[in-house]
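The residues making up each chain are set out below.
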Amino acid sequence: MKGAHAMSVIPTFPKRSEVPEESTWDLTAIFETPKAYEAAKEKLVADSKAFKEKYEGHLDSISVIQEAIAALSDIYRSASQIDHYTFLPVEANRNDHEAAVRLQEAAHALQLVNKNTSFLRYQLLESDDALLDELAAADARLANYVRLIKRDKKIYLGKEKESTLQEFETVFGGPYETYNQAKLADMTFPSFTVDGEEYPLSFVLYEDYYMYHPNTKLRRTAFDVFQKTLRQYQNTAAQAYYTHVMTEKAQANLRGFDSVIDYLLFDQGVTREMYDRQIDTIMSDLAPVMRKYITHLKEENNLDKMTYADLKIDLDPDYSQPITWKDAENYVREAASVLGEDYVNTIIPAFEERWIDYTKNEGKSTGGFATMAGGVHPYILMSFNGQLSDVYTLIHELGHAGQMINAERNNLFLTDEPSLYLVESQSTFNELLMANYLKKTQEDPRTQRFARAQMLTNTYFHNFITHLLEAAYQREVYRLVDAGKGFTADTLSQLTSDVLHQFWGDAVELNPGAELTWMRQPHYYMGLYSYTYSAGLTISTEAYLNVVNGKPGAVDDWLNYLKLGSDDVVPAAQVAGVDVTTKKPLDDTIAFLDQTVDEIIAYSKVLNKAHAEVTDYVKEQLEAKESVKVSRDNHQSHEE
């Protein structure tokens, strides 16, 4: 979440070693020292070997299988700690080559652990349903695990083929790493000049700074220079993505799917109808609402036209509410208090225990995320710029953290992760709580408009539009591949351009470089992830409306929803009070957004009227003073 205010000074990023320790995450909660990590890594591999020796070929009773699954869950929890201890430093500083090597070494160890323990899953996949049902009946904690096993039996290839595919897991992630290295390490952007002043440029500077800048000439020039550098890497990026997509297509073919889309949705437990409805409804029904808002944004900022480079500017760029990190904590406390003291006490330790890495530095990954080291606590990456708008990012990621903690407490570690379709609901719900808190506690029209605009442009624009348009583009890529066709950088740019034109129509001018948006996000390397942002936000909006409208039991429904793990999507959403088998949640969400836009426009009219009245009053006072001055001058002249 970025504010376009307070942008007179171009940010410079310190080296990681220069960042204050209190603003970084504390990885000693996982392992106190690198030596302790190395010992844990060796122990993990040894434990996985012992697990193989003890249980392979001896899973001959329900009680032994139960014992083995519990042991496997412990091993995976330890593996999570190894994984987080090594990948988090890389996310915080991609210039740390020692950390990069440590991550690669950990990947080898984790692959060996998976190899040593995979026999348990293979045996269960080869078991008949009667035994699996007996296993689930014997231990309620295993119900979800058994359900996933029974689901995956439908696409199981046999132990030999599955083992072979497992050997290639690290290789399958190669295209994503190529993309990240090209974007964050290899791309070199030239400085540019506006009105005689030179400005530096980097990928992070554009995405986090210039894209939101209130100076139109500077913002548009930065976009033009930014896209010209992207264009130089488009063929490399397209080839990396092609390799990734064809890897997915090969796996889809192996598992008997005609479509990559169906293959990726299978793992989410989502139907094609639900997937297509999410994209198609937003593309058709939300587009007019957002065109109305974008036109208002253009008018309020006195722009000659709305270009693609202008989409992320603030409605009120001069509005600024500087806050401290302690202020941010207090805002989170108050906004989240709707969910009760227990929930607040679950997430607030993030501040004292340093779960959050919030200062920018050279080599740090852009954006934000939350992840949980098993048996420890969540970790959050974000950037805090000292503005109230940053709290939306903070409370979003803490929403993930709260869900992760609750899910781990109430599920087997092997099954504590919800479907991707649900995963963004818990975070965006918290953003809605923040907007609601500001609306309830701030009386002046300008802050009321700010609360609504921040909710619209950060919560919904980011999740319901930016990522949804990515999803619409991604769907077209998979359709090409499913039809046996290939693609190049030019193909991807044309697909992106078509999607942007369809959504924005004549309300936005797509300046050169808009079509290269496909190069700017990593979500295409994460399966069908992009569309799930809007799916999760649809669920959270409906649940939020239930809460603020006073529906009996709505808060408890949400808290129970946070406790779920790898449950089926439809019944899981029903726990939150939302029926995702129908179009109603989407329709309600779009209606809520339409109302929000109308409220923003109404507050603008109030503010503009007040501004006009003040301007007229000042003008009258100046004219009165001038009249008095002229009268005095004439009187003096008459006396002379």
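See the structure printed just above.
The shown structure was predicted, so the numbers you read here are calculated from the model rather than taken from an experiment. (Residues numbered from 1 in each chain as written. Predicted model: local features only at pLDDT ≥ 70, side-chain atom pairs only at ≥ 80, totals over all residues. Heavy atoms only, no water.)

A. Structural view of the overall build of the protein chain. Helix and strand content of the protein chain: 24 helices and 5 strands. Relative to all contacts within the protein chain whose residues are 6 or more apart in sequence, the contacts with residues 24 or more apart total 78%. Split by element, the accessible area of the protein chain, about 27600 Å² in all, is 49% carbon and sulfur. Within the protein chain, one finds 62 positive and 97 negative side-chain charges whose respective centroids are separated by 2 Å. (Helix = DSSP H or I, 4+ residues; strand = E, 2+ residues; numbered from the N terminus. Contact = heavy atoms within 4.5 Å. Areas by Shrake-Rupley, 256 points an atom, 1.4 Å probe, with all protein chains shown as cover. Lys, Arg positive; Asp, Glu negative; His and termini not counted. Charge placed at Lys NZ, Arg CZ, Asp CG, Glu CD.)

B. Examining the side chain of K183 more closely. Within the secondary structure layout, K183 lies in helix 8 (residues 174-186). One buried charged residue, K183, forms no salt bridge at all, with the nearest opposite charge on E207 at 6.9 Å. When residues no more than four places from it in sequence are discounted, the contact partners of K183 are F203, T366, R520 and P522. (Buried < 20%, exposed > 50% of the residue type's maximum accessible area, 1.4 Å probe, protein only. Salt bridge = Lys/Arg side-chain N within 4 Å of Asp/Glu carboxyl O.)

C. Geometry of the packing of helix 14 (residues 325-336) against helix 18 (residues 425-441). Direction vectors running N to C along helix 14 and helix 18 enclose 90°, while the axes themselves pass 9 Å from each other. Looking at the two axes, helix 14 sits roughly perpendicular to helix 18. On the side of helix 14, the interface is formed by Y331, V332, E334, A335 and A336, while helix 18 contributes L433, M434, Y437 and L438. Counted by class, the contact of helix 14 with helix 18 contains 8 nonpolar, no polar and 1 charged residues. (Axes fitted to C-alpha atoms, helices over the stretch in contact; angles between N-to-C directions. Parallel < 35°, antiparallel > 145°, perpendicular 65-115°, else oblique. Nonpolar A, V, L, I, M, F, W, Y, C, P; charged D, E, K, R; others polar.)

D. Focus on the side chain of S383. Mapped onto the elements, S383 comes out in the loop between strand 5 (378-381) and helix 17 (390-410). The exposure class assigned to S383 is buried, which follows from its relative accessible area of 17%. Leave out the neighbours within four places in its chain, and S383 touches Y358, K360 and D390.

E. Layout of the environment of A50. With respect to the helices, strands and loops of the structure, A50 is situated in helix 1 (residues 34-55). C-alpha separation for the pair A50 and P175, spaced 125 residues apart in sequence, amounts to 34 Å.

F. The arrangement of the pattern of salt bridges in detail. Tallied over the entire structure, the rule returns 48 salt bridges. Close ionic contact of K43 with D47 constitutes a salt bridge, the shortest N to O distance being 2.7 Å. Of this pair, K43 and D47 both sit in helix 1, separated by 4 residues, roughly a single helical turn. Take K43: its relative accessible area is 52%, and that puts it in the exposed class. Taking the relative accessible area as the measure of exposure, D47 reaches 30% and is therefore partly exposed. Note that R446 is salt-bridged to D316, the shortest N-O span being 2.6 Å. One end of the pair, R446, is in helix 19 (residues 445-482); the other, D316, is in the loop between helix 13 (272-300) and helix 14, with 130 residues separating them in the sequence. With a relative accessible area of 33%, R446 lands in the partly exposed category. Each of D262, R272, D276, D280 and R475 takes part in salt bridges that share partners, so that together they form one network.

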